[in-house]
Amino acid sequence: MSAVSSRLPVFPWDKLEPYKATAAAHPDGIVDLSVGTPVDPVPDLIQRALIAAANSPGYPTVWGTAELRDALTGWVERRLGARDVAHTNVLPVVGSKELVAWLPTQLGLGAGDRVAYPRLAYPTYEVGARLCGAEPVSYEDPAELDPAGLKLLWLNSPSNPTGRVLDKAELTRIVAWAREHDVLLFSDECYLELGWEAEPVSVLHPDVCGGSYEGVVAVHSLSKRSNLAGYRAAFLAGDAAVLGELLQIRKHGGMMTPAPVQAATVAALGDDTHVAEQRARYGARRTALRAALVGHGFRIEHSEASLYLWATRDEPCWQTVAHLAELGILVAPGDFYGPAGGSFVRVALTATDERVEAAVKRLG
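Residues numbered from 1 in each chain as written. Predicted model: local features only at pLDDT ≥ 70, side-chain atom pairs only at ≥ 80, totals over all residues. Heavy atoms only, no water.

Caption draft 1: Representation of the overall build of the protein chain in the model. Check the secondary structure of the protein chain and you find 13 helices and 13 strands. In terms of overall size, the protein chain behaves like a compact globule, its C-alpha atoms giving a radius of gyration of 20 Å where 364 residues would be expected to give roughly 21 Å. Overall, the protein chain is about 55 × 50 × 45 Å in size when its C-alpha atoms are taken along their principal axes. Put simply, the protein chain has 364 residues, and 55% of those count as buried. When the accessible area of the protein chain is evaluated, it comes to approximately 15000 Å², of which 54% is carbon and sulfur surface. (Helix = DSSP H or I, 4+ residues; strand = E, 2+ residues; numbered from the N terminus. Rg over C-alpha atoms; globule rule 2.2 N^0.38 Å. Buried < 20%, exposed > 50% of the residue type's maximum accessible area, 1.4 Å probe, protein only. Areas by Shrake-Rupley, 256 points an atom, 1.4 Å probe, with all protein chains shown as cover.)

Caption draft 2: Region of interest: the sheet that holds strand β9 (residues 299-301). The strand order across the open sheet formed by four strands is β9-β10-β13-β12, and the pairing between neighbours is antiparallel. Of all strands in the sheet, those with a lone pairing partner are β9 and β12 (332-333), marking the two edges. Across five bridges, strand β10 (residues 308-312) lies against strand β13 (residues 344-348) in antiparallel orientation. Bridging across to β13, Thr-312 finds its partner in Phe-344. Across the sheet, helix α11 (residues 273-295) is in contact with β9, β10 and β13; its angle to β10 comes to roughly 5 degrees. (Pairing = 2+ DSSP bridges. Contact = heavy atoms within 4.5 Å. Axes fitted to C-alpha atoms, helices over the stretch in contact; angles between N-to-C directions.)

Caption draft 3: Main features of the pattern of salt bridges. For the structure shown, the criterion picks out 21 salt bridges. A salt bridge links Asp-28 to Arg-362, with the shortest nitrogen-to-oxygen separation between them at 3.0 Å. Placement of the pair is Asp-28 in the loop between α2 (17-24) and β1 (31-32) and Arg-362 in helix α13 (residues 353-363), with a sequence separation of 334 residues. Put simply, Arg-79 and Glu-193 hold a salt bridge, and the shortest N to O gap is 3.1 Å. You can see Arg-79 sitting in helix α4 (residues 66-80) and its partner Glu-193 sitting in the loop between β6 (184-188) and α8 (206-209), a full 114 residues away along the chain. Ionic contacts of the salt-bridge type, sharing partners, join the residues Asp-28, Glu-354, Arg-355 and Arg-362 into one network. (Salt bridge = Lys/Arg side-chain N within 4 Å of Asp/Glu carboxyl O.)

Caption draft 4: Molecular detail of helix α7 (residues 168-180). The first and last C-alpha atoms of α7 sit 18 Å apart over 13 residues, in line with the 18 Å expected at 1.5 Å per residue. Considered for burial, the residues of α7 that qualify are Leu-171, Ile-174, Val-175, Trp-177 and Ala-178. Buried residues of α7, viewed axially, fall in a sector of 160 degrees; they line one side. Opposite its buried face, α7 presents the exposed residues Ala-169 and Glu-180, each directed more than 90 degrees away. Against the buried residues of α7 lie β5 (150-156), β6, α8 and β7 (216-221). For α7, the side-chain oxygen to backbone nitrogen distance between the N-cap and Ala-169 is 3.2 Å, and the N-cap itself is Asp-167. Following α7 by one or two positions, Asp-182 adopts a phi angle in the positive range, close to 55 degrees. (Expected span 1.5 Å × (residues − 1). Arc of directions from axis to C-beta. Polar contact = N/O pair within 3.5 Å; in protein donor to acceptor, adjacent residues only side chain to side chain.)

Caption draft 5: View of the packing of α11 against α13. One can describe the packing of α11 onto α13 by two numbers: an axis separation of 9 Å at closest approach and a directional angle of 15 degrees. The orientation of α11 with respect to α13, classified from their angle, is roughly parallel. Handedness of the α11/α13 crossing: left-handed. Residues Arg-285, Ala-288, Leu-289, Ala-292 and Leu-293 of α11 pack against Asp-353, Val-356, Ala-359, Val-360 and Leu-363 of α13. Across the contact of α11 with α13, the residue classes break down as eight nonpolar, no polar and two charged. (Parallel < 35°, antiparallel > 145°, perpendicular 65-115°, else oblique. Left-handed = near helix turned anticlockwise from the far one by under 90°. Nonpolar A, V, L, I, M, F, W, Y, C, P; charged D, E, K, R; others polar.)

Caption draft 6: Fine view of unusual backbone geometry. Of the consecutive residues Ser-157 and Pro-158, the connecting peptide bond is found in the cis state with omega at -5 degrees. Mapped onto the secondary structure, Pro-158 falls in the loop between β5 and α7. Phi is positive for Asp-182, close to 55 degrees, though the residue is something other than glycine. Asp-182 gets classed as exposed once you look at its relative accessible area, which sits at 70%.

Caption draft 7: A look at the side chain of Asn-160. Relative to the helices and strands, Asn-160 is located in the loop between β5 and α7. Among the polar contacts listed, one links the side chain of Asn-160 to the side chain of Arg-346, at a separation of 2.8 Å.

Caption draft 8: Region of interest: the pairing of β6. Most of β6 is tucked away: five of the five residues are buried. Residues Leu-184, Phe-186 and Asp-188 of β6 are buried on one face, and the alternating residues Leu-185 and Ser-187, pointing to the opposite face, are buried as well. In the sheet, β5 pairs with β6 via five bridges, with the strands oriented parallel. Paired with Trp-154 across the strands is Phe-186, a residue of β6. For the segment spanning β5, α7 and β6, crossover handedness is right-handed. Pairing of β6 with β7 involves four bridges; the strand directions are parallel. Residue pairing for β7: Ser-187 is matched across the bridge by Ala-218. (Right-handed = clockwise from strand over helix to strand, strands pointing away.)

In short, shape yes, function no, at least from these values alone.
Spelled out as structure tokens, the structure:
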């Protein structure tokens, strides 16, 4: 066990604990804008679907019910603009983090293989490479990578942490490059429904992939768009050959989405009203926090989409974390996401309206 854990970096959130304690000591309590965990209620129609499926004594299947696969294919076509999506083009997973961490292992990667991800990125891309013994490689532009030994390329648009959106032309260029060099491309699109100053596009859009899903898979999650982080509901869509292989492996591993969660997912993907309502909540919080941060001397970069503001005072990020902790506000240091984030902090929009109002007041 120690041999495996020794490959991994220190779990980053543990380093934030002293600053959390400082923020929690504020007379008016902590405003936690660090992890980005949803705080708003699970929509009633989703709760009802979960409860109605609570009497599920048998084992669920890894591929999910036919109703779930119908919901996944229907949503991918309706929301992403994809065409001719069959059941073989979708696969439910037990939350997107599980998938990101274990994908290189499930693909059979190991020593001598390389896994690439953005220079500023969700730390689990690197963790997934290290778990299987592959070499993690970060990039500024994936087309500048040496394709030798490169087996998996991660895209992330909208980006966590920066909120940057890759436009249709960039995505098309990168997909073409990956196909030319026979590199499997996985696109993490979990924040796609939260575009503010840009309209995010999926790699599955026909203008990007040319109507073929060969070598391309998109990752989607219901955690943020439907407040279902506690349900662990996510899915893949794209190359049927890749998903078919993953399905066989995941059957052996017992990686099954619980039956009540499958039913809740069907309800969530069939309703757009709750998504629009939640988006409006986040939009209002974003407007308030952005103005307060700028007024406090911060500069906001990118942040045209996603659930975060990527902010800097042009000082070491831990100095900024300490400053805000004294105000009772906890944020994530930018270096959690790579050395290039050393002067930034990530500010999540996931706090109640009351707590966001408190943060705005303190920043003022």
